[in-house]
Amino acid sequence: MRNGFEDLELDELWRRRSEKWRKYPPGVLPAFVAEMDYDLAEPVLAALHSAVDRSDCGYATPDGVGETFARFADTRHGWAVDPERVHLIPDVMAGVDAILALATEPGDRVVINPPVYPPFFEHIGFARRQVVEVPLARTDGGWELDFAGLEAAFAAGARAYLLCSPHNPTGRVFSAADLERVASLAEQYGVLVVVDEIHASLTLPGARHTPFVSLGGAAAEHGVTLASASKAFNIAGLKGAVAVAGSASAQRLLGRLPSSSQYGAGLFGVLASVAAWEAGGEWLDALLGQLDRMRSEFGRLLGQRLPGARYLAPEASYLAWVDCSALGLGPEPASVFLERGRVALGRGLDFGAPGDGFVRVTIGTSSAILAEIVDRMAAAVLGS
């Protein structure tokens, strides 16, 4: 078996049947979706093979999920989790939907921080709640929470705050001090903070992720953390995640989750997640080293071949948020890169108005494929 990080072959990758490799015509290089190209971790593969060998394809149960996640959270983040407060859900967005349905009413306001994961807009709207945008503040040093904007939104009657931490697409890892300020505002105004921490396990060297409810106090009282092995171990299609309560009041809320929250999860998602959390640490450490190299290599390649693009290396995950406004490609550079360069990137405006002129690039791949992505981007610009 290949090492899964550098020994990747495009011809073999194009044989995959996930959306990443099927959405666009053959020959278009896909780097638009949050899905890595690497082989699965051996413990995950073993768990899935074992289940298939047993014809074990029935409904999921949460057996072992709470205990295993709690050990993983303690090892990775120093977070003491009560296994009884870990609830199985199909995926993070299904958890968002269920929690908003329980804790808010149609017409209630839900705060988000654009540029942000596009389904945040869609799911809040589908739930007949109102999206309230408090964009991240763009500074020379990166992207920051706008606390004045958050307080104004909370004071105006927002009932919930959907926080992406670490942040997608900017890769920002918020400090414990920032999260404490969020918790304080939530307590002051009675706001539920639903925290999507799906990228937490992918925090890269130099940054430290703080699980929101691990702060205790107001954060635990007013927060719910949503987590999953799906991004770190590339198993999103298997369906399995957790909602974690940090307090008795949050536990009462999660105790009202509908039965679909358990039965919507896939057994393979549960088995793969348990295997990843239990035995995937060595593989995950190696992955983080690879991603650390890829974020640096991507910056080097852009500087060499597309110097007009502005890029701040992410502090977490394998997503690069690139400002292409100086390249003269208009508000939707992704369409130009696709048409002229045959490379599919994430459309910046899908992440909200602050995404004007941006693209999101998935860099969780090999050095050779990453170079091909940048070469195709450069060809699109040089051909304009």
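This text goes with the structure placed above it.
Residues numbered from 1 in each chain as written. Predicted model: local features only at pLDDT ≥ 70, side-chain atom pairs only at ≥ 80, totals over all residues. Heavy atoms only, no water.

A look at the pattern of salt bridges
How we decide: One speaks of a salt bridge when a side-chain nitrogen belonging to Lys or Arg is within 4 Å of a carboxyl oxygen belonging to Asp or Glu. Put simply, DSSP H or I for four residues or longer makes a helix, DSSP E for two residues or longer makes a strand, and each gets a number counted from the N terminus. Burial here depends on accessible area, computed with a 1.4 Å probe over protein chains only, as a share of the maximum for the residue type. Under 20% is buried, over 50% is exposed, and the range in between is partly exposed.
Applying the stated criterion across every chain, the model contains 14 salt bridges. Here Arg347 makes a salt bridge to Glu332, at a shortest N to O gap of 2.8 Å. You can see Arg347 sitting in strand β13 (residues 343-347) and its partner Glu332 sitting in the loop between β12 (319-323) and α14 (333-341), a full 15 residues away along the chain. Arg347 gets classed as partly exposed once you look at its relative accessible area, which sits at 29%. Taking relative accessible area as the criterion, Glu332 reaches 31% and is therefore assigned partly exposed. Residues joined by salt bridges that share partners form a network here, namely Glu144, Arg172 and Glu315.

So, the sheet that holds β13
Keep this limit in mind: We call two strands paired when DSSP finds no fewer than two bridges between them.
Sheet architecture is open: five strands sit in the order β1-β13-β14-β12-β11, paired in mixed fashion. Among the strands making up the open sheet, the edge pair consists of β1 (29-31) and β11 (310-311). With three bridges joining them, β1 and β13 adopt parallel strand pairing. In the sheet register, Pro30 faces β13, and the bridge partner there is Ala344.

Thoughts on unusual backbone geometry
Note the cis peptide between Pro114 and Pro115, where omega equals -5°. Note the cis peptide between Ser165 and Pro166, where omega equals -5°. Mapped onto the secondary structure, Pro166 falls in the loop between β7 (160-164) and α8 (176-189). Of note in the backbone geometry, Ser55 takes a positive phi value of approximately 55° without being a glycine. Not every positive phi belongs to a glycine, and Arg342 is a case in point at roughly 60°. Among the structural elements, Arg342 can be located in the loop between α14 and β13. A relative accessible area of 36% means that Arg342 is categorised as partly exposed.

As for the environment of Val224
Quick note on the threshold: Contacts are assigned to residue pairs with any non-hydrogen atoms lying within 4.5 Å of each other.
Following the sequence through the fold, Val224 ends up in strand β9 (residues 223-227). For Val224 and Phe212, which are 12 residues apart along the polypeptide, the C-alpha to C-alpha distance reads 7.9 Å. Excluding residues within four positions of it along the chain, Val224 makes contact with Ile99, Leu192, Val193, Val194, Val195, Val213, Ala243, Val244, Ala250, Leu253 and Leu254.

Notes on the packing of α14 against helix α15 (residues 367-382)
What counts is decided by this rule: In this description, a line fitted to the C-alpha atoms serves as the axis of each element, helices being fitted only across the stretch in contact, and the angle between N-to-C directions of two axes falls anywhere from 0 to 180 degrees. Any angle from 65 to 115 degrees is called roughly perpendicular, while one under 35 is roughly parallel, one over 145 is roughly antiparallel, and all others are oblique. Residue polarity is assigned by list, with Asp, Glu, Lys and Arg as charged and Ala, Val, Leu, Ile, Met, Phe, Trp, Tyr, Cys and Pro as nonpolar; anything else, Gly included, falls into the polar class.
Orientation of α14 relative to α15, taken along the N-to-C sense of each, is 95°, at an axis distance of 8 Å. Taken as axis vectors, α14 and α15 run roughly perpendicular relative to one another. Of the residues in α15, those in contact with Val336, Phe337, Arg340 and Gly341 of α14 are Arg376, Met377, Ala380 and Val381. Considering only residue class, the contact of α14 with α15 consists of five nonpolar, one polar and two charged.

A closer look at a negative patch on the surface
We apply this condition: Patch membership requires more than 30% relative accessible area and the absence of a salt bridge. Residues of like charge join within 9 Å; the nonpolar side chains Val, Leu, Ile, Met, Phe, Trp and Tyr join within 5 Å. The protein chains shown are the only cover counted for residues, whose accessible areas, like all others here, come from Shrake-Rupley with a 1.4 Å probe. Think of it this way: Lys and Arg go in the positive column, Asp and Glu in the negative one, and His and the chain ends go nowhere. Just so you know, the charge point we use is NZ for Lys, CZ for Arg, CG for Asp and CD for Glu.
There is a patch of like negative charges on the surface, built from Glu6, Asp7, Glu9 and Asp11. Relative to the assigned elements, Asp7 resides in the segment before α1 (10-13). A relative accessible area of 38% places Asp7 in the partly exposed class.

Details of the side chain of Arg129
Note the threshold: Two N or O atoms form a polar contact when they lie within 3.5 Å of each other; inside protein one atom must be a possible hydrogen donor and the other a possible acceptor, and for residues adjacent in sequence the pair counts only when both atoms belong to side chains.
The residue Arg129 is located in the loop between α6 (119-126) and β4 (130-133) in this model. Look at Arg129: it is buried, it has no salt bridge, and the nearest opposite charge is Glu105 at 5.3 Å. Within the structure, Arg129 has its side chain in polar contact with the backbone oxygen of Thr104 (distance 2.6 Å). Within the structure, Arg129 has its side chain in polar contact with the backbone oxygen of Ala127 (distance 2.6 Å).

Considerations on the pairing of β13
With four of its five residues buried, β13 lies for the most part within the structure. Pairing of β13 with strand β14 (residues 358-362) involves two bridges; the strand directions are antiparallel. In the strand pairing of β14, Arg347 is matched with Val359.

A short note on the packing of helix α3 (residues 42-53) against helix α12 (residues 267-279)
To keep it simple, the criterion reads: Should the near helix be turned counterclockwise from the far one by less than a right angle, the crossing is left-handed, whereas a clockwise turn marks it as right-handed.
Between α3 and α12, the shortest axis-to-axis distance is 8 Å and the interhelical angle comes to 145°. You can see that α3 and α12 cross each other, and the crossing is right-handed. Residues Pro43, Val44, Ala47, Leu48, Ala51 and Val52 of α3 touch α12, and the partners they reach there are Phe268, Leu271, Ala272, Ala275, Ala276 and Ala279. For the contact of α3 with α12, a count of residues per class yields 12 nonpolar, no polar and no charged.

Focus on the environment of Gln130
Mapped onto the elements, Gln130 comes out in strand β4. On a C-alpha basis, the gap between Gln130 and Asp7 in space is 46 Å, while along the polypeptide they are 123 residues apart. Here Gly107 takes part through its backbone oxygen, which lies 2.9 Å from a polar atom of the side chain of Gln130.

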